[in-house]
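Now for the letters of each chain:
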Amino acid sequence: MIKENLEQVEKKIEAACKRAGRKREEVTLIAVSKTKPLEMVEEVLDLGIVEFGENKVQEMVDKYERIKSPVHWHMIGHLQTNKVKYIVDKVVLIHSVDSLKLAQQIQKEAEKKSVVVDILIEVNIAGEETKFGVTKEETLPLIEEIAKFPNVHVCGLMTSAPFVEDPEEDRVHFKALHQLFVDIKEKNIDNIDMNILSMGMTNDYEVAIEEGSTMVRIGTAIFGARQYKIEGEA
């Protein structure tokens, strides 16, 4: 089932890229493996996927220690400052930085371990009260502060659009985040690279790709439905 699911997702990514006049390699697929057993993760690994997203620190660390194959782990869920120390040297990218306090903690722990941590700024572009993320207006001032941290490297922006029946309704939000992404990129701030735009999940990734997403976070469409949903992915 997973193989067929992944093939379907791939076809849809390719079709969305084609519609947008983009190359398939411009979009990175992250398999959201939260709550999924090791066997499933390994099955997806065997199919050539190496980018995996986790929502909780403990689960990510557990899988990190148990899976021997090379995996690029992405922290996509809300990250508490007291959990930063467990993952700074294990993740390729933290998608969910939403405060200066969290960035300061990442700097502190990254310095201790002599690593530079790549991060994205999580933007609550739709202004949902139930979602984490900074507002559109707060994004640039936060980035300008984080740019001063030598061990933290801002690589772009992330958002989780509202869950809607018709993904077309989210196009306006993806468009707005892409514009913010472009505007910040044009400022050429030192230590800031606007190369990654992480937006699009199982329900809306095709629209997100059409609007410029470079990373899609997909769980349900690959692994199948699960019993509950946590903000931040899939």
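Thresholds applied
Residues numbered from 1 in each chain as written. Predicted model: local features only at pLDDT ≥ 70, side-chain atom pairs only at ≥ 80, totals over all residues. Heavy atoms only, no water. Helix = DSSP H or I, 4+ residues; strand = E, 2+ residues; numbered from the N terminus. Rg over C-alpha atoms; globule rule 2.2 N^0.38 Å. Buried < 20%, exposed > 50% of the residue type's maximum accessible area, 1.4 Å probe, protein only. Contact = heavy atoms within 4.5 Å. Areas by Shrake-Rupley, 256 points an atom, 1.4 Å probe, with all protein chains shown as cover. Phe/Tyr/Trp six-rings, centres within 6.5 Å; stacked < 30°, edge-to-face > 60°. Lys NZ or Arg CZ within 6 Å of the ring centre and 35° of its normal. pLDDT = per-residue confidence, 0-100. Pairing = 2+ DSSP bridges. Salt bridge = Lys/Arg side-chain N within 4 Å of Asp/Glu carboxyl O. Right-handed = clockwise from strand over helix to strand, strands pointing away.

Brief notes about the overall build of the chain
Part 1 of the argument: The number of helices and strands found in the chain is eight helices and eight strands.
Part 2 of the argument: In terms of overall dimensions, the chain is globule-like: its C-alpha atoms have a radius of gyration of 17 Å, near the 17 Å expected for 234 residues.
Part 3 of the argument: Principal-axis analysis of the C-alpha atoms gives the chain an extent of 45 × 40 × 35 Å.
Part 4 of the argument: Within the chain, the fraction of its 234 residues that count as buried is 53%.
Part 5 of the argument: Pairs at least 24 apart in sequence give 61% of the contacts found in the chain among residues at least 6 apart.
Part 6 of the argument: For the chain, the accessible surface area stands at approximately 10,900 Å², while carbon and sulfur atoms represent 49% of it.

Side note on the side chain of Thr139
Part 1 of the argument: Checked against the element boundaries, Thr139 lands in helix α5 (residues 136-146).
Part 2 of the argument: When residues no more than four places from it in sequence are discounted, the contact partners of Thr139 are Ile121, Val123, Val134, Leu157, Leu180 and Ile184.

What about the packing of aromatic side chains?
Part 1 of the argument: For the coordinates displayed, the defined rule picks out one aromatic pair.
Part 2 of the argument: Relative to Trp73, the ring of Phe52 lies with its centre 5.9 Å away and its plane at 50°, an arrangement referred to as tilted. One end of the pair, Phe52, is in strand β2 (residues 51-54); the other, Trp73, is in strand β3 (residues 72-75), with 21 residues separating them in the sequence. Residue Phe52 shares its accessibility class with Trp73, and that shared class is buried.
Part 3 of the argument: Positioned above the aromatic ring of Tyr64, the side-chain terminus of Lys90 is 5.5 Å from the ring centre.

Topic: the confidence of the model for the chain
When pLDDT drops low, the exact placement of atoms in the prediction is not to be read closely.
Part 1 of the argument: Scored by pLDDT, the chain comes out at a mean of 94, with 96% of its residues at no less than 70.
Part 2 of the argument: Every residue in residues 227-231 is under pLDDT 50, and counting partners more than four places away or in other chains gives twelve contacts.

Details of the pairing of strand β4 (residues 91-97)
Part 1 of the argument: Taken across its seven residues, β4 has six buried, putting it largely inside the fold.
Part 2 of the argument: Where β4 and strand β5 (residues 117-122) come together, two bridges link them in parallel fashion. For Ile94, the partnering residue across the bridge sits in β5 and is Ile119.

Remarks on the pattern of salt bridges
Part 1 of the argument: Applying the stated criterion across every chain, the model contains 17 salt bridges.
Part 2 of the argument: Two residues, Glu54 and Lys63, come together in a salt bridge whose shortest N-O distance is 2.8 Å.
Part 3 of the argument: Taking the relative accessible area as the measure of exposure, Lys63 reaches 4% and is therefore buried.
Part 4 of the argument: It is possible to trace a salt-bridge network through shared partners that takes in Arg19, Glu168, Arg171, Lys175, Glu206, Glu210 and Glu211.

Things to note about the pairing of β3
Part 1 of the argument: For β2 and β3, the ladder comprises four bridges, and the chain directions are parallel. If you follow Glu54 over to β3, its bridge partner there is Met75.
Part 2 of the argument: Read from β2 through helix α3 (residues 57-66) to β3, the crossover connection turns out right-handed.
Part 3 of the argument: Pairing geometry for β3 and β4, over three bridges, is parallel. Within the sheet, the bridge partner assigned to Trp73 lies in β4 and is Val91.

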